[in-house]
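# Commentary on secondary and tertiary structure
This is what each chain is made of:
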Amino acid sequence: FPTDVPVLVTSQGKPLMTTDIVLKLCPDAPTAAAVRAELQANPDTEDMVQLCRIYMGLARATDVGLSDDLCKVAEEKFVQARQADEKVDQESLGRWITLAKLLAASYGSSDLKKEHWEQMVAMEA
């Protein structure tokens, strides 16, 4: 029977578990430096793990809305992509909307904005 078990696998190399989606984190230099400084200032990784759990829980619980304007943007992107590639199907559109909503939630936004959509499109490329 269907279940929804949220699992986040983190790895510095190839993970032992297989996953549906792999997201390679490539922070820019200032972000990487800020993270290193934070870890040096607060070396207790258990605190950091707990903060990450709280963040992930809040992002997961955020209900992100989709405006009519953004629906039109998504529809236009879908039509263009489908004309360019016959492999693009209805599941592609659903995945794009889901990823864009997750991206918006990761910023703590309850509304999907055009910037989130464009960032998702860039990540998919």
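Here is a short report on the structure shown in this document. (Residues numbered from 1 in each chain as written. Predicted model: local features only at pLDDT ≥ 70, side-chain atom pairs only at ≥ 80, totals over all residues. Heavy atoms only, no water.)

## Some words on the overall build of the protein chain
Scanning the protein chain from terminus to terminus reveals five helices and zero strands. Going from the N terminus to the C terminus, the protein chain shows its helices and strands as α-α-α-α-α. Taking 14 Å as the expected radius of gyration for a compact globule of 125 residues, we find that the protein chain reaches 17 Å, considerably beyond that expectation. With respect to the principal axes defined by its C-alpha atoms, the protein chain has extents near 50 × 30 × 30 Å. Counting contacts in the protein chain only where the partners sit at least 6 residues apart, residues at least 24 apart contribute 49% of the total. Summed over its atoms, the accessible surface of the protein chain is roughly 10300 Å², and 56% of this surface lies on carbon and sulfur atoms. Separation between the mean location of the 13 positive side-chain charges and that of the 20 negative ones in the protein chain comes to 4 Å. (Helix = DSSP H or I, 4+ residues; strand = E, 2+ residues; numbered from the N terminus. Rg over C-alpha atoms; globule rule 2.2 N^0.38 Å. Contact = heavy atoms within 4.5 Å. Areas by Shrake-Rupley, 256 points an atom, 1.4 Å probe, with all protein chains shown as cover. Lys, Arg positive; Asp, Glu negative; His and termini not counted. Charge placed at Lys NZ, Arg CZ, Asp CG, Glu CD.)

## Here we look at the packing of aromatic side chains
Tallying each qualifying case throughout the model produces zero aromatic pairs. In this structure, Lys77 packs its charged tip against the face of Trp96, placed 5.5 Å from the ring centre. (Phe/Tyr/Trp six-rings, centres within 6.5 Å; stacked < 30°, edge-to-face > 60°. Lys NZ or Arg CZ within 6 Å of the ring centre and 35° of its normal.)

## Observations concerning the pattern of salt bridges
Using the criterion set out here, one finds one salt bridge in the structure. With a shortest N-O distance of 3.9 Å, Glu46 and Arg53 are connected by a salt bridge. (Salt bridge = Lys/Arg side-chain N within 4 Å of Asp/Glu carboxyl O.)

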